[in-house]
Structures are given as C-alpha cells and as structure tokens.
Amino acid sequence: MSDLRSAPRIPAVWRAAIVRNGSRTPIYGRTQEVSLGGFGLIFDAPLAVREMIEVYLEMPVNGFKAKTVLAFQCDVIYSVLTAGGVGFRIGVRIVSPQGDALNQLGQYIQSRS
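As the structure is a computational prediction, the values presented were derived from the model and not from experiment.

A. Quick look at helix 1 (residues 101–112). Between its first and last C-alpha atoms helix 1 spans 17 Å; for 12 residues at 1.5 Å apiece the expected length is 16 Å, and the two agree. Looking at the buried side of helix 1, the elements it contacts are strand 1 (10–11), strand 3 (27–34), strand 4 (38–43), strand 5 (52–61), strand 6 (66–81) and strand 7 (88–97).

B. Up close: the side chain of Ser35. Relative to the assigned elements, Ser35 resides in the loop between strand 3 and strand 4. Assessed through its relative accessible area of 5%, Ser35 is described here as buried. There is a polar contact of 3.0 Å between the side chain of Ser35 and the backbone nitrogen of Gly37. What Ser35 contacts, discounting residues up to four positions off in sequence, is Ala7, Pro8, Arg9, Ile94, Leu105 and Ile109.

C. Up close: the pairing of strand 4. A large share of strand 4 lies buried, amounting to six of its six residues. Along strand 4, one buried face is formed by Gly38, Gly40 and Ile42 and the opposite face, lined by Phe39, Leu41 and Phe43, is buried too. Strand direction decides the pairing type here: strand 3 and strand 4, joined by four bridges, are antiparallel. Paired with Thr31 across the bridge in strand 4 is Leu41. As consecutive antiparallel partners, strand 3 and strand 4 are separated by three residues.

What counts, and where the lines are drawn
- Residues numbered from 1 in each chain as written.
- Predicted model: local features only at pLDDT ≥ 70, side-chain atom pairs only at ≥ 80, totals over all residues.
- Heavy atoms only, no water.
- Helix = DSSP H or I, 4+ residues; strand = E, 2+ residues; numbered from the N terminus.
- Expected span 1.5 Å × (residues − 1).
- Contact = heavy atoms within 4.5 Å.
- Buried < 20%, exposed > 50% of the residue type's maximum accessible area, 1.4 Å probe, protein only.
- Polar contact = N/O pair within 3.5 Å; in protein donor to acceptor, adjacent residues only side chain to side chain.
- Pairing = 2+ DSSP bridges.

Take a look at the structure:
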C-alpha cells in the first residue's frame, strides 16, 4: 500500500481541540503527526468522514518554552478505532488555515526535518 500524501509528516504529540459544525463546545484530544496537508489526531469519539471541523493545535514555540494556538478548517478523511481499542485515530485534511497558521506550521516542520 503506498502513501498518497504529498506533504511530509513529522511525529508531534500536541494538545488539540476540535469544534464540530453547529457546536461551540470543543472536544479535546491530541495530535499524533502533523504535515502541511493535514494531521493525524487521537480523540475519544469518532467523527464522520467528510465532516467539516475546526481544528485547534497547541504548537510549541521558542524551544518548547511557550505555545501558540494554530487554527484550521479541516475535512475528516478517516476515523477508525485505535489498535488498542482506546480512542479513535482521525485523519484530517487542511481545507483553510486561519491567519498565519500554515506558515507557522511550515516553519516548525522545516526546523524538525
């Protein structure tokens, strides 16, 4: 099976939150990996494939001494039970970054490559 992703991924365990369409209540989880194309997330509940969500990532900056929040509109690509059966692995594709989020993410990825 080949990997069809066009952007390189890097491992990153960051706090994450999603807000579903029509809701104001965030659901909290974490990232597993990040790229300029999307993210691998771990959450307690599944999401519907093709669901549009807002994703907020708490990215470390300044040598991990501080954090900044990046925001994205994303499309859910897959949502499957984790191998251990505790939580769901959710793959999302970035549709629209908010503000300078994509540039900041790109700088972080470049610094780790």
